Amino acid sequence: MTPLQKRIEKIEESIQQACECAGRKRGDITVVAVTKQVSAERTREVLDSGILHIGENRAEGLLSKQKEIPQGPIWHFIGNVQSRKVKEIIQRVDYLHSLDRWSLAKEIQKRAEAPVDCFVQVNISEEGSKSGLSLNEVEDFVERLVEFDKIRVIGLMAMAPLTEDKEAIRSMFKRLRELRDILAEKKMKHAPVTKLSMGMSNDYIIAIEEGATHVRIGTALVGSESEGDE
Ligand SMILES: *Cc1c(COP(=O)(O)O)cnc(C)c1O
């Protein structure tokens, strides 16, 4: 087994364990391998290991990976989208995890040819420096999106702050799940809001215990190019 395959196996084991603890089904969780820091070659190895969901956070990274790997991956865009880049990427991604403002929604409406599956990004730590809507803005924002037929709100996305305080992270994930439940309950046609994109290398286990349906795992899964384990 290559180091990459070993890492994937270890992650798979901890995901299954977390599912067991939380009484969840493994099939309800999608692992998105975040390849923003590694080459197309490493990305291909990830695909060969059976993970088809690939996450990139910049337009340049997405476009260059797609050039080298035209077929196979299901593409997730997870980073901040500049409005001027919408045109370039919107028809090339399967999921957008970072819908975080009205001007971006307007631009997607203008540029997309078909409805785009989006997660609304929420700033759960309420730190000014982080992108995403405040928890108390989300409901209104999602409801107003009904006027945009090119946007389908499938879920909420958040990043936990960098902290060692696991209980703080857990309570933020919990709050996001509660908000998801409130929105899902409304059964809005344009916004089913059943999914939860939360959890990265350091906190994906907590995220799964708290209801994540999509975990976005970078370094713990793909490693770093410098370790040279191709
Ligand atoms: C980079 C990134 C990740 C993955 O981070 P790791 O800590 O390397 O797992 C997940 N989500 C977003 C939005 C990112 O930018």
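Up top is the structure these notes are about.
Structure report, in brief. None of these values were measured; they are calculated from a predicted model.

Reading the values: the criteria
Residues numbered from 1 in each chain as written. Predicted model: local features only at pLDDT ≥ 70, side-chain atom pairs only at ≥ 80, totals over all residues. Heavy atoms only, no water. Helix = DSSP H or I, 4+ residues; strand = E, 2+ residues; numbered from the N terminus. Rg over C-alpha atoms; globule rule 2.2 N^0.38 Å. Buried < 20%, exposed > 50% of the residue type's maximum accessible area, 1.4 Å probe, protein only. Contact = heavy atoms within 4.5 Å. Areas by Shrake-Rupley, 256 points an atom, 1.4 Å probe, with all protein chains shown as cover. Lys, Arg positive; Asp, Glu negative; His and termini not counted. Charge placed at Lys NZ, Arg CZ, Asp CG, Glu CD. Phe/Tyr/Trp six-rings, centres within 6.5 Å; stacked < 30°, edge-to-face > 60°. Lys NZ or Arg CZ within 6 Å of the ring centre and 35° of its normal. Near = heavy atom within 4 Å. Polar contact = N/O pair within 3.5 Å; in protein donor to acceptor, adjacent residues only side chain to side chain. Nonpolar A, V, L, I, M, F, W, Y, C, P; charged D, E, K, R; others polar. Core = buried A, V, L, I, M, F, W, Y, C linked by side-chain atoms within 4.5 Å. Expected span 1.5 Å × (residues − 1).

1. Thoughts on the overall build of the protein chain
- Within the protein chain, the secondary structure is distributed over 9 helices and 8 strands.
- The C-alpha radius of gyration of the protein chain comes to 17 Å, within 12% of the 17 Å expected for a compact globule of 230 residues.
- Each principal axis of the C-alpha atoms in the protein chain carries an extent, and together these give about 50 × 40 × 30 Å.
- The proportion of buried residues among the 230 residues of the protein chain is 51%.
- Sequence separation of 24 or more characterises 56% of the internal contacts of the protein chain that already satisfy a separation of 6 or more.
- Per element, the accessible surface of the protein chain, about 11200 Å² overall, is 46% carbon and sulfur.
- Computed over 35 positive and 38 negative side-chain charges, the inter-centroid distance for the protein chain is 4 Å.

2. As for the packing of aromatic side chains
- Counted under the stated rule, the structure contains 2 aromatic pairs.
- Where Trp-102 meets Phe-141, the ring centres are 5.9 Å apart and the plane angle is 80°; that geometry is what we call edge-to-face. Here Phe-141 lies in helix 6 (residues 135-144) and Trp-102 lies in helix 5 (residues 102-111), a separation of 39 residues in the sequence.
- Here the aromatic residues Trp-102, Phe-141 and Phe-148 are joined through ring pairs into a cluster of three or more.
- Over the ring of Trp-102 we find Arg-144; its NZ or CZ atom is 4.1 Å from the centre of that ring.

3. Quick word on the site of the ligand
- Taken together, Val-34, Lys-36, Ile-78, Met-157, Met-159, Met-200, Ser-201, Arg-216, Ile-217, Gly-218 and Thr-219 form the complete shell of residues around the ligand.
- Interatomic distance of 2.8 Å between a backbone N/O atom of Gly-218 and an oxygen atom of the ligand.
- The backbone of Thr-219 places a nitrogen or oxygen atom 2.9 Å from an oxygen atom of the ligand.
- Across the complex, the protein chains shield 88% of the 390 Å² of accessible surface that the ligand would expose by itself.
- Of the residues contributing to the shell around the ligand, the split by class is 6 nonpolar, 3 polar and 2 charged.

4. Here's the deal with the nonpolar core
- Grouped together as the largest cluster of nonpolar side chains are 69 residues, with contacts concentrated most on Leu-99, Ile-108, Val-120, Leu-145, Leu-156 and Leu-221.
- With residues near it in sequence (within four places) discarded, Leu-99 still touches Leu-104, Ala-105, Ile-108, Cys-118, Phe-119, Val-120, Gln-121, Phe-141, Leu-145 and Ile-151.

5. Considerations on the side chain of Asp-203
- Position of Asp-203 relative to the elements: it lies in the loop between strand 7 (195-197) and helix 8 (204-209).
- Engagement of the side chain of Asp-203 in a polar contact is seen with the backbone nitrogen of Met-200, the distance being 2.6 Å.

6. Focus on helix 7 (residues 166-185)
- The terminal C-alpha atoms of helix 7, which comprises 20 residues, lie 29 Å apart, in line with the 28 Å expected from a rise of 1.5 Å per residue.
- All of the buried residues along helix 7 are Ile-169, Arg-170, Met-172, Phe-173, Leu-176, Leu-179, Arg-180 and Leu-183.
- In this fold, the buried residues of helix 7 make contact with helix 6, strand 6 (151-157), strand 7 and helix 8.
- Just downstream of helix 7 lies Lys-187, where phi reads positive at about 45°.

7. Focus on unusual backbone geometry
- Phi angles above zero are rare outside glycine, and Lys-187 is one such case at about 45°.
- Assignment of secondary structure puts Lys-187 in the loop between helix 7 and strand 7.
- According to the relative accessible area criterion, Lys-187 is exposed, its value standing at 68%.
- Phi is positive for Val-193, close to 45°, though the residue is something other than glycine.
- Its place among the elements puts Val-193 in the loop between helix 7 and strand 7.

8. Comments concerning the environment of Phe-148
- Looking at where Phe-148 falls in the secondary structure, it is placed in the loop between helix 6 and strand 6.
- Here Phe-148 falls in the buried class, since its relative accessible area comes to 7%.
- Distance from Phe-148 to Asp-117, taken between C-alpha atoms, is 12 Å for residues 31 residues apart in sequence.
- Among residues more than four places away in sequence, those in contact with Phe-148 are Trp-102, Ala-105, Lys-106 and Gln-109.

9. Let's talk about the environment of Ile-206
- Considering the arrangement of structural elements, one finds Ile-206 in helix 8.
- We classify Ile-206 as buried; its relative accessible area is 7%.
- Sequence separation between Ile-206 and Ser-171 is 35 residues; the distance between their C-alpha atoms is 9.9 Å.
- Leaving out residues up to four positions away in the same chain, Ile-206 has contacts with Lys-166, Ile-169, Arg-170 and Phe-173.

Read these as spatial facts, not as claims about activity.
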